[in-house]
Amino acid sequence: MRVVALISGGKDSCYNMMQCVAAGHQVVALANLRPAENTGQTDELDSYMYQTVGHHAIDLYADALDLPLYRCFIKGTSVNTGREYTMCQEDEVEDLYRLLKLVKDKEGVEGVSVGAILSDYQRVRVEHVCRRLNLQPLAYLWRQNQEILLKEMISSNIQAIIIKVAAFGLDPDKHLGKTLDQVEPYLLELSEKYGVHVCGEGGEYETFTLDCPLFKKKIVVDSAEVVVHSADAFAPVAYLHFLKLHLENKQGESSGTFVVNSCSCEVSCNNDDIFPSSEEDEPEKNILVISKSLKPNSLDITKTFGSSGKSLSGYQWFSGITAHFLPSKDKNAQEAAREAFSSLQANMTSEGLKLKDIILVHLYVKSMEDFNVINSVYVTEFDLCPPARVCVETLLPDGVLFCIDCLAHKYDIATVDVLHDEKLVMHVQSISHWAPASIGPYSQSIKVGDVLYCAGQIALVPCTMRLVSGGIWTEAIVSLRHVERVIQAMSQKTALHHVITASCYVTDSKNIPIARSVWQKKLQECKKVEDSETYHDVTAVCGLLAVVVISHLPRDAAIEWHVVAVVDDPLQRKHFSMKMLSEGFQIECESVVSSSASCGSISLHLSLISPSTSQLDLGGPLHDLVAMFRQAVEKLSEDCSASPLSFRAFFKEDIFDAETLQTGLQEYLEKYLGKKTPALILVPVVDLPGTEVIHITCWLS
């Protein structure tokens, strides 16, 4: 990819440029924004977006790197300072748009190198500009461990000096002009004592790069003066003003060749203790041979639109939004998709909601081959801050293109703590080493109140966006690591044991025990960390896991994880379980309530006690299943006021008749729960664990 590097002169923009080259991209131009000369602030501008200290020396970069340098003046100011950026002509972000448009027109670039590490403010705005110009942001330093990152920069021969200090413990007389390797031990000490960001992400210091392996010539500072901006006794702010610099040839030094640390995105799977014991190695046998009780697919399970009631906090679940499509008919797939979204919009409007109120979407497709067509319509419905999304192929009836269900939220300003229920969106579109970029119309995660609604994660290598090699074990570990990183990025101390409900989609029954084994191993790792900080005799209540086998996943992945997590104290969660026998079946139920009592999850499964070839009447077991569900809801309501919103029934498609299931479940739900009836979602699957024939997950909020 032809790339333009956004440079400030600092270490981060230089090291990210090196990462771009290491990833096989070609840096063909440099770009920089500098203070306008008529502002009176010729050394440094008070900008939320740009490092401008040291900007006088940026012109030397063109010769040092032997690349064209494009520069524009910063004419705007920080006008739109919200979490999300919307276009505003007076904002300094529009200066970046004009600069990158110029470079794209002149150099034909496709990507932009960005040195962002932790600033969502900068990332969101650069991504906004890149999206408008159809450029791919490359932010390889994003959310990397800062101590490790600083060590990497030093070992990669980035020669950068401190040119500004603005934090407690940093002294202009001692630290200005010092190189990274000279100040590293002291920065680590400050981080340990006072929480200073080792890479200066909190604005503690700024750097200027004099040399790096990409430079053909190095920059030499002949003279500079210290300018004190604020003589604060505890945290003075001061910077170096360069008076004279020159370039020198790098005699006897190789330029343009370097080694960066090996990519951390891929993970080797050699850890023996993660593999299941020998008895788990065998795939669970599918011994079920029950006949269908009625004509196959006599009812289209996707024709019934439904919705839950609205919870006290303004949550509502919608189900059964379907795109009907038969290739022989006149309308094409895109028209069918548009009709389905129009139907969703109409139903939401009748409830006083808009599409932008949706926070989580489940998209079940008949065939992944239709995904691009579906996505082309989907993207027109969700632009800025799209909902989190789970997408899998499953056994939908003939004539159905896809089926959607979704969770929407709109708080009532009169009754709800608006700050507590504020919607926070993570929609990272930059390629990095952190987690897969959201290159489609979905966010990695949306946080409302203390709940994190995450997108499904498959095992894409973040820096290449290709599926990891190494088979199911590696895929399971890498994709779950993505989940961990996303929830941690949304809330710093959140980890996998904060998950309250999880669904794992696999494409082969043999992978069920593998998924469970990896899940348990990861939870045990979380527990070890927690045990070191809490009492050893208390066990955290972790999320309820459903593993189901479906026909196909995006990118031909073997496994996809989807979780909802809560920023609570897992040690204080309430959990209960019950089981009963019902006419040849066993029904098991588990429930968990968050310690904040804001939400809960219920899991039920119906398992066959012994294999049978006879016709089994489902009436009794379905009645008992819903009766047990009502018991669980009532038990839950003792601790929290959450309402049941979704009743997702994964069922073995080759065993049950859809009509029996649909009418039976809906009838009993309405009978037992009345106005509190959740949205019923039927998902036909290829297989379930062991002798399970139905697995139900319910979300309460």
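Before any of the text, the structure's been laid out above.
What counts as what
Residues numbered from 1 in each chain as written. Predicted model: local features only at pLDDT ≥ 70, side-chain atom pairs only at ≥ 80, totals over all residues. Heavy atoms only, no water. Phe/Tyr/Trp six-rings, centres within 6.5 Å; stacked < 30°, edge-to-face > 60°. Helix = DSSP H or I, 4+ residues; strand = E, 2+ residues; numbered from the N terminus. Buried < 20%, exposed > 50% of the residue type's maximum accessible area, 1.4 Å probe, protein only. Pairing = 2+ DSSP bridges. Axes fitted to C-alpha atoms, helices over the stretch in contact; angles between N-to-C directions. Contact = heavy atoms within 4.5 Å. Salt bridge = Lys/Arg side-chain N within 4 Å of Asp/Glu carboxyl O. Core = buried A, V, L, I, M, F, W, Y, C linked by side-chain atoms within 4.5 Å.

Peer 1: Account for the packing of aromatic side chains, naming residues and giving values.
Peer 2: With the rule as written, the count across this model stands at 13 aromatic pairs. A ring pair is formed by Phe-168 and Tyr-194, whose centres lie 5.0 Å apart and whose planes are at 85 degrees; its orientation type is edge-to-face. In this pair, Phe-168 is assigned in the loop between strand 6 (159-165) and helix 6 (172-175) and Tyr-194 in helix 7 (residues 180-194), connecting sequence segments 26 residues apart. Take Phe-168: its relative accessible area is 40%, and that puts it in the partly exposed class. Ring centres of Phe-341 and Phe-402 lie 6.1 Å apart, and the angle between their planes is 45 degrees; on these two criteria the pair is classed as tilted. Here Phe-341, found in helix 9 (residues 333-349), pairs with Phe-402, found in strand 14 (residues 400-409); they are 61 residues apart in sequence, far enough to count as distant. Judged on exposure class, the residue Phe-341 and its partner Phe-402 are both buried.

Peer 1: So what's going on with the sheet that holds strand 24 (residues 585-593)? Residues and values would help.
Peer 2: Spatial ordering of the open sheet is given by 23-24-25-28-26-27, a layout of 6 strands whose pairing is mixed. Two strands bound the open sheet, and with one partner strand each, they are strand 23 (574-582) and strand 27 (679-685). Looking at each pair of strands side by side, their axes are set apart by 15 degrees on average, direction ignored. Here helix 14 (residues 658-673) sits on the sheet and contacts strand 26 (644-652), strand 27 and strand 28 (692-700); the angle it forms with strand 27, its principal contact strand, is near 155 degrees.

Peer 1: Outline the sheet that holds strand 7 (residues 205-211), supporting the account with residue identities and numerical values.
Peer 2: Pairing between the strands of a sheet is mediated by backbone hydrogen bonds and can be parallel or antiparallel. Spatial strand order, 7-6-9-8: 4 strands in an open sheet with antiparallel pairing. The outermost strands of the open sheet, each flanked by one partner alone, are strand 7 and strand 8 (217-230). The mean inter-strand angle of the sheet, taken between neighbouring strand axes irrespective of direction, is 25 degrees. Here strand 6 runs beside strand 7; their pairing, made up of 6 bridges, is antiparallel. Pairing of Gln-159 across the sheet is with Asp-211, part of strand 7.

Peer 1: Could you give me a rundown of the pattern of salt bridges, with the residues and numbers involved?
Peer 2: Tallying each qualifying case throughout the model produces 21 salt bridges. Here Asp-12 ties to Lys-11 by a salt bridge, and the two come within 3.0 Å at their closest N and O atoms. An identical accessibility class is assigned to Asp-12 and Lys-11; each is buried. Between Arg-71 and Asp-59 there is a salt bridge; the shortest N-O distance is 3.2 Å. Of this pair, Arg-71 sits in strand 3 (residues 69-74) while Asp-59 sits in helix 2 (residues 59-65), placing them 12 residues apart in sequence.

Peer 1: Tell me about the nonpolar core, and name the residues and values.
Peer 2: Of all hydrophobic cores here, the largest spans 97 residues; its most connected members are Met-17, Tyr-61, Phe-208, Leu-407, Tyr-453, Tyr-505 and Trp-699. Among the nonpolar cores identified, the runner-up in size contains 62 residues, and Leu-33, Trp-519, Val-547 and Val-563 belong to it.

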